[in-house]
Amino acid sequence: AADAAVRCSARGAAKSPRVSPHVSPRMAAIGGADGSVPPSAGPFGRAGGFGVGVASGPDGDAAWLGFAQGADLLASRGKFAEALELVDQALRLEPLRADLHYGRGQCLGHLGRLPEALSAFDAALGAEPGNVEAIRGKAAVLAKQGQWEDAVACLREALQAAAAGIAAAGGAS
């Protein structure tokens, strides 16, 4: 009961990975326990990729955007190691962007570097608490590690965050 109050961002870090020999159809339909994303989404889970806009950072420098767009293109072609290099360059310029940490987590997940992927999703959640894509990404990695209870808790949190976002935008509650 006390564990239920722990947010997704605190889950999974201390446990050792237990890889499941199968992926449940439910997890595959949600987005894949292997870190994959639905085919309708961009390579990093959002339509159009990272979901970055043309807005620049606090100093007015938008150089990171070129790296993000290049990473998006490489990831769409399945070149996740090369995409990761560009994401890391973008993060050196804009270390507080949740979407870049999310993209890093997706690359790492596709490369099978699951503990690092969890850290990247945690960084995205630190930069933007309630980021639904980061919570879902973390859930997929936790499921791949066989941490089903933690994955389910993250998915519940993602649903709550999405509903809160819709309500805040004036949509259905």
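Every chain begins its residue count from 1, and numbering advances along the sequence as written. The predicted origin of the model limits local features to residues at a pLDDT of at least 70 and limits the giving and counting of side-chain atom pairs to 80 or more, whereas totals for whole chains, interfaces and linings rest on all residues. Hydrogens and water are ignored here; the side-chain numbers use all heavy atoms of the structure.

A. View of the environment of E85. Secondary structure is summarised from DSSP: a helix means a run of H or I of at least four residues, a strand means a run of E of at least two, and numbering begins at the N terminus for each. Positionally, E85 belongs in helix α3 (residues 80–93). Overall, the relative accessible area of 54% leaves E85 in the exposed class. Considered as a pair, E85 and R104 are 19 residues apart in the sequence and their alpha carbons are 9.1 Å apart. Partly exposed describes any residue whose relative accessible area lies between the buried limit of under 20% and the exposed limit of over 50%, with all areas from a 1.4 Å probe on protein chains only and scaled to the type maximum.

B. Representation of the packing of aromatic side chains in the model. Only Phe, Tyr and Trp rings are paired, with Trp represented by its six-membered ring, and only when their centres lie within 6.5 Å; those with planes under 30 degrees apart are stacked, over 60 edge-to-face, the remainder tilted. Taken as a whole and assessed by the stated rule, the structure comprises one aromatic pair. Summarising the aromatic geometry, the rings of Y102 and F121 are spaced 5.8 Å apart at their centres and angled 50° between planes, so their arrangement reads as tilted. Here the residue Y102 occupies a position in helix α4 (residues 98–110), and F121 occupies one in helix α5 (residues 114–127), the gap between them amounting to 19 residues. F121 carries the same exposure label as Y102, and that label is buried.

C. Representation of α3. Multiplying 1.5 Å by the residue count of a helix minus one yields the expected span of that helix. Under the 1.5 Å per step criterion, the end-to-end length of α3 is 20 Å for 14 residues, consistent within 8% with the ideal 20 Å. Among the residues of α3, those classed as buried are F80, A83, L84, L86, V87, A90 and L91. The arc that holds every buried residue of α3, seen down its axis, measures 165°, which confines them to one face. Counted as exposed and oriented over 90 degrees from the buried face of α3: E85 and R92. Throughout, a residue-residue contact means that at least one pair of heavy atoms, one from each residue, lies within 4.5 Å. Considering only its buried residues, α3 is in contact with α2 (63–76) and α4. Throughout, the arc means that of the directions going from the helix axis to the C-beta atoms.

D. Main features of the packing of α3 against α4. The contact between α3 and α4 brings their axes to 9 Å, and the two run at 155°. Classified by the interaxial angle, the pair formed by α3 and α4 is roughly antiparallel. Seen from above, α3 lies across α4 with left-handed handedness. Here F80, A83, L84, V87, D88, A90 and L91 of α3 come into contact with α4, specifically with L100, H101, G103, R104, C107, L108 and H110. Looking at the contact of α3 with α4 residue by residue, the classes come out as nine nonpolar, three polar and two charged. Convention adopted: a line fitted to C-alpha atoms gives each axis, helices being fitted over their contacting stretch, and angles between N-to-C directions are expressed from 0 to 180 degrees. Each angle is binned into one of four classes, with values under 35 degrees roughly parallel, values over 145 roughly antiparallel, values of 65 to 115 roughly perpendicular, and all other values oblique. Each crossing is labelled by how the near helix is turned from the far one, with a counterclockwise turn of less than a right angle marking it left-handed and a clockwise turn marking it right-handed. For this classification, the nonpolar set comprises Ala, Val, Leu, Ile, Met, Phe, Trp, Tyr, Cys and Pro, the charged set comprises Asp, Glu, Lys and Arg, and every other residue, Gly included, is treated as polar.

E. Focus on α2. Spanning 14 residues, α2 covers 21 Å between terminal C-alpha atoms, matching the ideal 20 Å at 1.5 Å per step. Every buried residue of α2 is accounted for by W64, L65, A68, A71, D72 and A75. In an axial view of α2, the angular spread of the buried residues amounts to 125°, which keeps them on one side of the axis. Residues of α2 that are buried sit in contact with α3 and α4. One or two residues past the end of α2 sits G78, with phi positive at roughly 80°.

F. Looking closely at the environment of L111. Positionally, L111 belongs in the loop between α4 and α5. Along the primary structure L111 and K79 are separated by 32 residues, whereas in three dimensions their C-alpha atoms are 9.6 Å apart.

G. Layout of the confidence of the model for the protein. Across the protein, the average pLDDT comes to 75, with 64% of residues at or above 70. For every residue, the predictor reports its confidence as pLDDT, a number between 0 and 100. Scored below 50 in pLDDT, residues 11–43 makes 67 contacts in the model with residues more than four places away or belonging to other chains. Confidence drops under pLDDT 50 across residues 51–57; counting only partners more than four residues distant or on other chains, this segment forms 16 contacts.

H. Seen up close, the environment of A134. By the element assignment, A134 lies in helix α6 (residues 132–144). Take A134: its relative accessible area is 0%, and that puts it in the buried class. As for A134 and A120, which are separated by 14 residues in sequence, their C-alpha atoms are 8.7 Å apart. Beyond its immediate sequence surroundings of up to four residues, A134 is in contact with Y102, F121, A124 and L125.

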